[in-house]
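What the coordinates show
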Number of protein chains: 4
Amino acid sequence: MMGLGVGLIGSGYMGKCHALAWTSVATVFSGIERPLLIALADATDELAQKQARAFGFGRGTGDWRDLLADPAIDVISIAAPNQFHADMAVAALEAGKHVWCEKPMATSLEDATRMRDAAIRTGRTAILGYNYIQNPMIRHARTLIREGRIGDVNHIRLEMDEDFMADPASPFYWKSERDSGYGALDDFAVHPLSILSVLHGRITSLVADMAKPYQERPTRDGGRRLVENHDIAQALFTTEMGVSGVLMVNRSAWGRKGRIALQIFGSNGSILFDQERMNELQIYSTDDPLDLQGYRTILAAPPHPPYRQFIPAPGHGLGFNELKVIECHELLQAISGSRDTHVINFERGLEIERVVHAAAKSADSRKWVKL
Amino acid sequence: MMGLGVGLIGSGYMGKCHALAWTSVATVFSGIERPLLIALADATDELAQKQARAFGFGRGTGDWRDLLADPAIDVISIAAPNQFHADMAVAALEAGKHVWCEKPMATSLEDATRMRDAAIRTGRTAILGYNYIQNPMIRHARTLIREGRIGDVNHIRLEMDEDFMADPASPFYWKSERDSGYGALDDFAVHPLSILSVLHGRITSLVADMAKPYQERPTRDGGRRLVENHDIAQALFTTEMGVSGVLMVNRSAWGRKGRIALQIFGSNGSILFDQERMNELQIYSTDDPLDLQGYRTILAAPPHPPYRQFIPAPGHGLGFNELKVIECHELLQAISGSRDTHVINFERGLEIERVVHAAAKSADSRKWVKL
Amino acid sequence: MMGLGVGLIGSGYMGKCHALAWTSVATVFSGIERPLLIALADATDELAQKQARAFGFGRGTGDWRDLLADPAIDVISIAAPNQFHADMAVAALEAGKHVWCEKPMATSLEDATRMRDAAIRTGRTAILGYNYIQNPMIRHARTLIREGRIGDVNHIRLEMDEDFMADPASPFYWKSERDSGYGALDDFAVHPLSILSVLHGRITSLVADMAKPYQERPTRDGGRRLVENHDIAQALFTTEMGVSGVLMVNRSAWGRKGRIALQIFGSNGSILFDQERMNELQIYSTDDPLDLQGYRTILAAPPHPPYRQFIPAPGHGLGFNELKVIECHELLQAISGSRDTHVINFERGLEIERVVHAAAKSADSRKWVKL
Amino acid sequence: MMGLGVGLIGSGYMGKCHALAWTSVATVFSGIERPLLIALADATDELAQKQARAFGFGRGTGDWRDLLADPAIDVISIAAPNQFHADMAVAALEAGKHVWCEKPMATSLEDATRMRDAAIRTGRTAILGYNYIQNPMIRHARTLIREGRIGDVNHIRLEMDEDFMADPASPFYWKSERDSGYGALDDFAVHPLSILSVLHGRITSLVADMAKPYQERPTRDGGRRLVENHDIAQALFTTEMGVSGVLMVNRSAWGRKGRIALQIFGSNGSILFDQERMNELQIYSTDDPLDLQGYRTILAAPPHPPYRQFIPAPGHGLGFNELKVIECHELLQAISGSRDTHVINFERGLEIERVVHAAAKSADSRKWVKL
């Protein structure tokens, strides 16, 4: 059997990450046919050819539509700017390709809906790049929760914070334009929401607030320009299980670099996680003897799938890029017909988008919103 | 000059803590006249006399009003159950005594207002036992913020969590009765709010939610009883400085024992604190060289007043009870006329109570509330 | 029954700590007769009288021998400079007083032996101020080890580090003189050795090394002076149980403030502790399910005696000074005849001194030494 | 220009790790010609062909000598069992290939010396797989030390601990045979020594001890067998700079999974590191303001080369396997003639082996040994 043929659109930050995943997946996971790296598309022929050579793809092209026409390509990785996701994904699906699209899904609810509809219509596999859910520690948390190890979940707190917008002296750029989206809500909220989706379930009502740490920013020509969206957002919510929670995101949080912090409380214990220490999971369990109760720090290790595929020794540490390799493996499983995959497909991705838009609406109307 | 005469009402958990403070304050702080422990009041003469002997008070009485009539007593510590605070404090003030009252201030806004009015009317010193603000690390955070070491504050997150109500199998008791208050909101929210008050300022609007992790609890006679208040509460808020924040409290949070976690973000850095590691303060500062930026864990030490009064060596650690000794010293300074004391007086305490009641109102009406 | 009469010699750092302990012990622990603070001795009458007043002692005296003659005094706290310990302790014991002496025991092995002999000869209670062993977390570690919760201990690492000698620019003072002792070995090693003594047992052989981070230091008159002892010391050792271990001490370790770090490995788990986070104990146990194994951080709480005497709520934190209160209570128990006390008496203290001197000898001879 | 031709011997744990590195290096690092994966050798033709296909190599062979004869192969990765390292490396070098050999270098000092000599004789690039030194945080530590950010180093503590030999019930296997080596000393000590080598310098004298946590182990046939080497080892040492230090290794340390802990003290600060949190480095600096001094936790980020090649966002985390990619890049630089590479070549590797053997000799003779 031959490996699947792969086309990659985009070779920047996440494009490189996809390339690494496609290159490594068969080395890491046994029993996988090695994917064939057919073609890479980027802005120009020249750039695409250079990157194709570096990343090990057979050819490069300045026109992403070339990939749709190539019968050797079975699956297309979309790591292009967000505003192109919808057109690319819909076209790829309609050309009969499977699609692996980076998040956020799209820049409007309409586009996201269009993508979801195309996935259903074509029956192709279509998933989003929510790689944080692939962390063996997040998967372990899911297993523990499902097994009832912390009892019935009754409260959830979710935080995602970085500091790339924290410097008031850094010049205004497109991330602060209204057209780029709500701000922290699109950039960040989708990530903890993807984790909430796999660990617990859906949000059914919320009230949100958004804030600007800086009202204006310097422009490169020495002037000032008003900031048009919000670097900070937070929401109180209730889930379909009747559980209360809080969601907090901040892309101007000095000191936070890649924090995605979870606190999940149950009737028999609790679970803590922070992506900045992505190889650790903390659990408190009342099953422990009373004089020994305390948070236990579990290091990622072979008992936590699929850690063992990467390293046979415990506690040696996976990295951010390796989450994409796991995601790639899940995608391959999904394409080959497995039903038990751990992915956010377009259907589920659309639900996440709906929460983001509901939060923005609530922040605007100053009212609770039902989903 | 003679030390002040002290009367103590209550000799349980916080009564013992007050007694330790009165006994230790002059040993710890130089230049203080040693207070005279005149009398202790508790539920019965017998109990009061036993405790007076153990705690080193001159006499014990079953009637707290005896203390008001004793001219040797200058100041009264109130560590009796919450529902008595108002009557005791008002009577003590009207008898010309200074008052040191445990929190929460009172069980109704009316009572709290009555206490505040009595303090103003009598001109006596009247403070509340918000001991967490006395931590040298919290004081250091205040100094750092005032000096602009993290720039302009632009976001705040406050959490207080314990697990004494976390076990669904523990029987219904008065803490779950409506009459005992809103639940986590009165029990816990006042603490982070007291810290917010000294570090930053007042809340001017909020939207809150409250939740019950368990709808009912077993009774001691084998039945079940509906829980009448809320072990979980959270609020989105804005402060008088226009800063957005989140307040979260949970007294059923398995694994949390005495957590009061602060995250304070500014334009030039951020500060983190957790009362469970009360001798540590974390700061991130963009004044550090770029390749060395990271959260710095500062251990309580002589440069952080009044740590040095307790221990001349750095990093040796203060305890929860010692915060009360610092508070006692602040009280003595306030009584002796100092204006620069670090206390929550009845005026300020009333503001905190107003936030609690506004949060309860918002949770009930499902609307934003202005203060 | 009357409380014991107390005399205190010295009112500096540790004298204050003793005074706080004597003042607080009956408030904290129930069932204890409140000690009577009879007299305090210090260098001059004037200083002693001032401190007696501040600390709540009945009188002050410039002559510590006055205390021996006072029949109202049953027990004497010795918190005077180290070189006086032996004469004071022996005289106090011979005057029929019980003795609570600060560590280090004495400045020579001969003096320490003389003290031990006097204790045996007089039959009085004589203990040393090794307060770190009083930490409820250290006591809990002892319980866990005795109960076999980590199986058979097979390896031990002990570290004690501070940074008060770390600055090469700080002037030469008496701590760097040969007559003040070996350096880090006397200052620090005795502390982890006291903990080893209560948690495990005695050292039977060792090889040690000592080092000078700085060969000379500035003098106050602008010159330079050679450093005469060693701020750093380490030893490999074997215990009476045949267990191997490492002891490391450093009083010039920039960044360390009050670190006493223990790593105790057994056949079924391990225990970690660091005095800088004195309210935490970490345990790893293979009794946990395989997918949940990890270090568990236990916060000091009521199940860990005698924490509950100080605070009924878990995780609220004891401080360094409170360890002395526990020690005081143990002393009172020992005086009243209890055999099950948790103290380092002069006999055991002498064993610790022997290890220190053996280590110095080994460092000098560059050979393994047997004890 | 064509990429180098690669041959890989061994496709187990470290073989897979090498394969990932060869596959990823040109994707991660720009400006590198993509290596050509020519052939993979393993125990049998069948296994080798299967793995070659999975890992993306052109062909597989059961005879590693085939690789030496292939002119398309420029460099050979040796990830075969330790006892074959010397023969393979020498033969490869003599066949004109560059060599990348996994550690430990060899099972005897003679073999290691033979390897070193072959490298010098042939002038080929020959490096060892000491991947921990490639961590951007270790490289950052080196930069900080070289720039004098912690002043003059004056004390070093090194620990490496895992728990794969910690279970006394796990059966005797070859790791406990004398022929497999000294035990923890070969398995682990070489790693912290490789880090010491790049951060500081060479050890010139030491005294060591070794210990057996378990004297015997069960055999698979129900019997017992004496353990022939030592799972625990420690040494006091002095370096060429006159700095004192301690080296501790334990492969039976329950709870430790991949700990390599460094404590490096200097006259102006100190640096801490633990491989179990491999994306963090801690530094204490007296350059900080006095009231802000404390250990700062730096997260791996773009300012710490070559982190940026993997991820443009800070604090997202590299994994253990990615250290091998960095090592591969250093190897390629070395092959292309760069003198400023960060590798342990065979010359330096031999020095590390000498320390291991000296420690074993010291443990045996119970004496200090000079190097």
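The structure presented is a predicted model; accordingly, all values stated were derived computationally and were not measured. (Residues numbered from 1 in each chain as written. Chains lettered and ligands numbered in written order. Predicted model: local features only at pLDDT ≥ 70, side-chain atom pairs only at ≥ 80, totals over all residues. Heavy atoms only, no water.)

Side note on helix 10 (residues 346-365) of chain D
Residues and elements named next belong to chain D. Compared with an ideal rise of 1.5 Å per residue, which puts 20 residues at 28 Å, helix 10 spans 28 Å between its outermost C-alpha atoms and is within 8% of the ideal. Between a side-chain oxygen at the N-terminus of helix 10 and the backbone nitrogen of Glu347 the separation is 3.2 Å; the capping residue is Asn345. Arg366 occupies a position one or two residues after helix 10 and carries a positive phi of about 60°. (Helix = DSSP H or I, 4+ residues; strand = E, 2+ residues; numbered from the N terminus. Expected span 1.5 Å × (residues − 1). Polar contact = N/O pair within 3.5 Å; in protein donor to acceptor, adjacent residues only side chain to side chain.)

Digging into the packing of aromatic side chains
Here the structure, examined in full by the defined rule, presents 28 aromatic pairs over all chains. Judged by centre distance (6.2 Å) and plane angle (20°), the rings of Trp254(A) and Tyr284(B) are stacked. You can see Trp254(A) sitting in the loop between strand 12 (244-250) and strand 13 (259-266) and its partner Tyr284(B) sitting in strand 15 (residues 280-285), one on each of two chains. Each member of the pair, Trp254(A) as well as Tyr284(B), is classed as buried. Joined through ring pairs, the aromatic side chains of Trp254(A), Tyr284(B) and Tyr295(B) make up one cluster. In this structure, Arg366(A) packs its charged tip against the face of Trp368(B), placed 3.6 Å from the ring centre. (Phe/Tyr/Trp six-rings, centres within 6.5 Å; stacked < 30°, edge-to-face > 60°. Buried < 20%, exposed > 50% of the residue type's maximum accessible area, 1.4 Å probe, protein only. Lys NZ or Arg CZ within 6 Å of the ring centre and 35° of its normal.)

Some points on the relation of the copies chain B and chain A
With an RMSD of 0.0 Å, chain B superimposes on chain A once it is rotated by 180° and translated 0.0 Å along the axis. The superposition operator between the copies reduces to a two-fold rotation axis. In terms of C-alpha distance to the rotation axis, chain B has Lys367(B) as its closest residue, with the C-alpha 3.3 Å off the axis. In this assembly the copies share their binding face: 100% of the residues contributing to the interface of chain B also contribute to that of chain A. (Least-squares fit on C-alpha atoms with pLDDT ≥ 70 in both. Contact = heavy atoms within 4.5 Å.)

With respect to the nonpolar core
Core analysis: the largest hydrophobic core is formed by 236 residues, its most contacted members being Phe346(B) and Phe346(C). Those residues in contact with Phe346(C), other than ones at most four positions away along the chain, are Ala89(C), Leu93(C), Val99(C), Cys101(C), Met105(C), Met115(C), Arg116(C), Ala119(C), Ala126(C), Ile127(C) and Leu128(C). In terms of nonpolar packing, the next biggest core, distinct from the first, is built from 235 residues, Val153(D), Leu199(D), Leu318(D) and Ala358(D) among them. (Core = buried A, V, L, I, M, F, W, Y, C linked by side-chain atoms within 4.5 Å.)

Structural notes on the interface of chain B and chain A
Each side of the interface is counted separately: chain B has 44 residues, and chain A has 44 residues. Carbon and sulfur atoms make up 56% of the area that chain B and chain A hide from each other, which totals about 3300 Å². For the interface between chain B and chain A, the tally reads 20 residue pairs in polar contact (both at pLDDT 80 or more). (Buried area = accessible area lost by both parts, 1.4 Å probe.)

What about the environment of Ala80(D)?
Structurally, Ala80(D) is set in the loop between strand 4 (75-78) and helix 4 (85-94). Beyond its immediate chain neighbours, meaning those up to four positions away, Ala80(D) contacts Ile9(D), His85(D) and Met88(D).

Function cannot be inferred from these measures alone, as they are strictly geometric.
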